Amino acid sequence: MNKLQKISDLKALAKQGGRKKLVLCAAGDEHSIDAVFDAYREGVIEPILVGRKKELDTFSGRCKDFGNFRVFYEPDEPSVIRRSVELVISGEADILMKGNVTTANLLRGVLNKEYGLREKRFLSHFALFEVPGYHKLLAITDVALNILPSLKHKVYIVKNAVEFYRKIGTETPKVAALSAIEMVNEDMPSTIDAALLSIMQRRGQIKHCLIDGPLAFDNAISKISKEQKKIGGDVAGDADILLVPNIESGNILYKAFVFFADAKVAGVVVGAPFPIVLTSRADSEETKLNSIYMAAFSVQNV
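Counting restarts for each chain, with residues numbered from 1 along the sequence as it is written. Totals for whole chains, interfaces and linings use all residues, but because this is a predicted model, local features are given only for residues with pLDDT of at least 70 and pairs of side-chain atoms are given and counted only at 80 or more. To get the side-chain values, all heavy atoms of the structure are used, and hydrogens and water are removed first.

## Let's talk about the nonpolar core
Then step 1. For this analysis, a nonpolar core means a set of buried residues of the types Ala, Val, Leu, Ile, Met, Phe, Trp, Tyr and Cys, connected via side-chain atoms within 4.5 Å. Relative accessibility under 20% of the residue-type maximum defines a buried residue, over 50% an exposed one, and the middle range a partly exposed one, all with a 1.4 Å probe and only protein chains included. Grouped together as the largest cluster of nonpolar side chains are 59 residues, with contacts concentrated most on Leu49, Phe126 and Leu128.
Then step 2. Contact definition: two residues touch when any of their heavy atoms are within 4.5 Å. Setting aside its immediate chain neighbours within four residues, Leu49 contacts Leu24, Ala27, Ile33, Phe37, Leu56, Phe66, Phe69, Arg70, Val71 and Phe72.

Structure (structure tokens):
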């Protein structure tokens, strides 16, 4: 198995095993379609474009091979979403990517009861960062989907993240369940959830990882902080995955890494039978491209 060392390694690793078929849902977004075309030129994906004809024709001149792509013209957003999701559900495509459509509407289409995924799968977002100053790649989950996850849902989120992290080369990732402090406090539910997750892992209810918590952010990523606070274990100071207590803290941490620490990032939705590239409109084209590469790499490491 190839172990990912840097975000910049994603492109080379994604090229292994040939092109993956990617569906761009609502392909009327400039930055998304440019990222898709770039990934195509790099030999990583084979695009399948779904959208309204007027919007797609606007961007057709951006790639000289546009005429060779599979293109589906649909009259309205519900039809665009339905066609896109059916292509990945049927196995005609490997990756689903969000274009000019809201996250809520796209995921509603993915979880349409006729496909049966809602009953069988729990979706969560996985963001992988290369942060200057940290000694390895670092993931955060969940920053985009689950607003205030319960303990039950945090178990699913951890399992999704661990399964995905193993695909990118770390057999036993270290999960830090974050809170504001490193001690259990009955007035802070996140500390109780973190402690229970740690116990569940030790008793084999959550496998293929190490979990410790509650840990404050500095305890999770700083060996100096770990030593000063006399925190034992293998997770503190060396975390691979940060489990955030809610979407607000995750979203803030994500954006702080990008805007203050100049971190490189790739993000996907995990838990479905296929990766979903679900970037924000505020994300750069580089982030969208990295996310495509990570999705493609994960497909070949199923």
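## Looking at the pattern of salt bridges
Then step 1. The term salt bridge refers to a pairing of a side-chain nitrogen on Lys or Arg with a carboxyl oxygen on Asp or Glu at a separation within 4 Å. Evaluated as defined, the whole model comprises 19 salt bridges.
Then step 2. As a salt-bridge pair, Lys15 and Glu42 come within 3.6 Å of each other at their nearest N and O atoms. With Lys15 in helix 1 (residues 10-15) and Glu42 in the loop between helix 2 (30-41) and strand 2 (45-51), this residue pair connects regions lying 27 residues apart in the sequence.
Then step 3. The partner of Asp193 in a salt bridge is Lys154, and the shortest N-O contact between them spans 3.0 Å. Of the two residues, Asp193 sits in helix 8 (residues 189-202) while Lys154 sits in helix 7 (residues 151-167), which places them 39 residues apart along the sequence.
Then step 4. Accessibility expressed as a relative area gives 14% for Asp193, which makes it buried. Helix numbering and strand numbering both begin at the N terminus, where a helix is a DSSP run of H or I of at least 4 residues and a strand a DSSP run of E of at least 2.

## Section: the pairing of strand 5 (residues 124-130)
Then step 1. With respect to burial, strand 5 is a largely interior element, 6 of its 7 residues being buried.
Then step 2. Pairing of strand 5 with strand 10 (residues 264-270), which is carried by 7 bridges, proceeds in the antiparallel orientation. When the bridges of strand 10 are listed, Glu130 appears paired with Lys264. Following DSSP output, two strands are said to pair if at least two bridges run between them.

## Here's the deal with the packing of aromatic side chains
Then step 1. Stacked, edge-to-face and tilted are the three classes for Phe, Tyr and Trp ring pairs, Trp counted by its six-membered ring, which pair at centre distances within 6.5 Å; planes under 30 degrees apart are stacked, over 60 edge-to-face, the rest tilted. Following the criterion strictly, the structure yields 10 aromatic pairs and no others.
Then step 2. On the numbers, 6.0 Å between centres and 75° between planes, the contact of Phe126 with Tyr165 is edge-to-face. In this pair, Phe126 is assigned in strand 5 and Tyr165 in helix 7, connecting sequence segments 39 residues apart. The two residues Phe126 and Tyr165 agree in class, both being buried.

In short, shape yes, function no, at least from these values alone.
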